[in-house]
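# Structure assessment
Chain residues, written in single-letter form:
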Amino acid sequence: MNIDKYRVPYDGSFKISKTDPGDSGKFESKDEAAEKLKENVKKMAELQDKMYAHDKYGLLLIFQAMDAAGKDGAIKHVMSGLNPQGTQVFSFKNPSAEELDHDYLWRINKSLPERGRIGIFNRSHYEEVLVVKVHDLQGKQKLPPEMVTNKIWDHRYRQIKDFERYLYENGIITVKFFLNVSKSEQKKRFLQRLDDPTKNWKFSSSDLKERGFWDEYQKAYEECLNGTSTKYGPWYVIPADKKWYARLLISEVITQTLESFEMDYPKLNDEQMRALEGYRQQLMAEKD
């Protein structure tokens, strides 16, 4: 699959209005995509095992989206075959009082994946240039007044890029997904939540409130993606109206990213190999 067409360019030319949330690539059916997803999940599990043994790289996957775009489902289905021992998932809600007493990357640093592991962020530090920006909350973040200027967003884009480059240069590779759902599809999914008793709990009045800021969020996402997509931390815009294609495309991006890592299983030296042979002989000599 050609994932390059979904990667946000690094020159600031991305236009969200030019994307198609209903895109399904070359796949004509859900079943066809399901087979490819199954292959990718298996391949990801093999690559994760190798990365865990290699113990040099870490992979940070960031998921951002409007409500009901399918982040939770994508994480559940795409990561279904991974070893939980090598996977860490964090969901970032409103910052606590303790977190507000630190810089906005403090809680992110605490949750970064260790070498050999995959870290998954369901929302992330990007909330600081999305919801904070849309609702003009920067003045409530205990910042010195002289820091709260009309340049604050440019400063944060720069800080985030520098942070992700630092991670990259230390072997922690960041890949970011924006699940791009259409406004009509979001409405459809909200109504499904209202109609299905097993999904009622997923709906709240805040969902409708945030939907009222749709245009503001689209503008914030466009500016954010243009301001922070780099080779050290690329953004991928995932068409999310068809969940089955979104999940497949995410799995493909992750698989191709893992395949790009220069890694292998640790190789033992001659002394270690001789020791293994000794252990083998010792076990074979045992009487059952």
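Structure: above.
From a predicted model like this one, the values you see are computed outputs, not experimental measurements. Residue indices begin from 1 for each chain and proceed along its sequence in written order. Only residues with pLDDT of at least 70 are given local features in this predicted model, and only at 80 or more are side-chain atom pairs given and counted; all residues enter the totals for whole chains, interfaces and linings. With hydrogens and water set aside, each side-chain value is computed from the structure's full complement of heavy atoms.

## Section: the pattern of salt bridges
- Whenever a carboxyl oxygen of Asp or Glu lies within 4 Å of a side-chain nitrogen of Lys or Arg, that contact is scored as a salt bridge. By the definition in use, this model includes 16 salt bridges.
- A salt bridge links Asp 101 to Lys 142; the shortest N-O distance between them is 2.8 Å. A residue pair is termed long-range when its members are at least 10 positions apart, and Asp 101 in the loop between helix 3 (97–100) and helix 4 (106–109) and Lys 142 in the loop between helix 5 (131–134) and helix 6 (152–168) qualify at 41 residues.
- Only protein chains enter the accessibility calculation, which uses a 1.4 Å probe; a residue whose area is less than 20% of its type maximum is buried, one above 50% is exposed, and one in between is partly exposed. A relative accessible area of 53% places Asp 101 in the exposed class.
- Glu 164 serves as the salt-bridge partner of Lys 176, at 2.8 Å between the closest nitrogen and oxygen. In this pair, Lys 176 is assigned in strand 4 (residues 172–180) and Glu 164 in helix 6, connecting sequence segments 12 residues apart.
- Overall, the relative accessible area of 0% leaves Lys 176 in the buried class.
- Each of the salt bridges in this network shares a partner with another, and the network as a whole consists of Asp 67, Arg 123 and Glu 127. Each helix corresponds to a stretch of at least 4 residues labelled H or I by DSSP, and each strand to a stretch of at least 2 residues labelled E; elements are numbered beginning at the N terminus.

## Thoughts on the pairing of strand 5 (residues 235–239)
- Among the 5 residues that make up strand 5, 5 are buried, leaving the element largely enclosed by the rest of the structure.
- Burial along strand 5 is two-sided: Trp 235, Val 237 and Pro 239 and Tyr 236 and Ile 238, pointing in opposite directions, are all buried.

## As for empty space enclosed by the protein
- Only protein atoms enter the calculation, which uses a 1 Å grid: trapped sets of points that fit a 1.4 Å probe without letting it out are cavities, open sets showing protein on both sides within 12 Å along at least five of seven lines are pockets, and any residue with an atom within 4 Å of a point is a lining residue. Grid points are joined across faces, edges and corners, and a volume is the space filled by probe spheres set on the points. Within the structure shown, the criterion is met by 1 cavity of 30 Å³ or more.
- Each pocket or cavity is described by its volume, and for the largest cavity that value is around 40 Å³.
- As for the largest cavity, its lining consists of Ala 69, Gly 70, Ala 74, Leu 179, Ala 240, Lys 243, Ala 246 and Arg 247.
- Per element, the largest residue contribution to the lining of the largest cavity is 3 residues, and it comes from helix 10 (residues 243–259).
- The nonpolar class holds Ala, Val, Leu, Ile, Met, Phe, Trp, Tyr, Cys and Pro. Asp, Glu, Lys and Arg form the charged class, and all remaining residues, Gly among them, are polar. The residue makeup of the lining of the largest cavity, split by class, is 5 nonpolar, 1 polar and 2 charged.

## Focus: the layout of surface pockets
- Approximately 1,400 Å³ is the volume found for the largest pocket.
- If you trace the largest pocket, you find 46 residues lining it, with Asp 67, Lys 71, Lys 93, Arg 123 and Asp 207 closest to the centre.
- Looking at the lining of the largest pocket, the elements with two or more residues in it are helix 2 (71–78), helix 5, helix 7 (183–195), helix 8 (205–211), helix 9 (214–228) and helix 10.
- Among the residues making up the lining of the largest pocket, the classes are represented as 16 nonpolar, 11 polar and 19 charged.
- In this structure, the second largest pocket spans a volume of roughly 380 Å³.
- As for the second largest pocket, its lining consists of 20 residues, and the residues nearest its centre are Asp 103, Tyr 104, Gln 141, Leu 143 and Arg 156.

## Structural notes on the packing of aromatic side chains
- What counts as a ring pair is set by centres within 6.5 Å for rings of Phe, Tyr and Trp (its six-membered ring), and what kind of pair is set by the plane angle: stacked under 30 degrees, edge-to-face over 60, tilted for all other angles. In total, this model carries 12 aromatic pairs according to the counting rule given.
- An angle of 50 degrees between the planes, with centres 6.3 Å apart, marks the rings of Phe 27 and Tyr 245 as tilted. Here Phe 27 is found in the segment before helix 1 (30–54), whereas its partner Tyr 245 is found in helix 10, with 218 residues between them in sequence. Both residues of the pair, Phe 27 and Tyr 245, count as buried.
- Between Phe 177 and Tyr 236 the ring centres are 6.3 Å apart and the planes differ by 35 degrees, which places this aromatic pair in the tilted class.

## Topic: the environment of Val 78
- Tracing the backbone through its elements, the reader meets Val 78 in helix 2.
- Residue class for Val 78 comes out buried when judged on its relative accessible area of 1%.
- A C-alpha to C-alpha distance of 17 Å links Val 78 and Thr 174, two positions 96 residues apart in sequence.
- Excluding its chain neighbours within four sequence positions, the residues that come into contact with Val 78 are Val 41, Met 44, Arg 247, Ile 250, Ser 251 and Ile 254. Every residue pair with non-hydrogen atoms within 4.5 Å of one another is taken to be in contact.

Read these as spatial facts, not as claims about activity.
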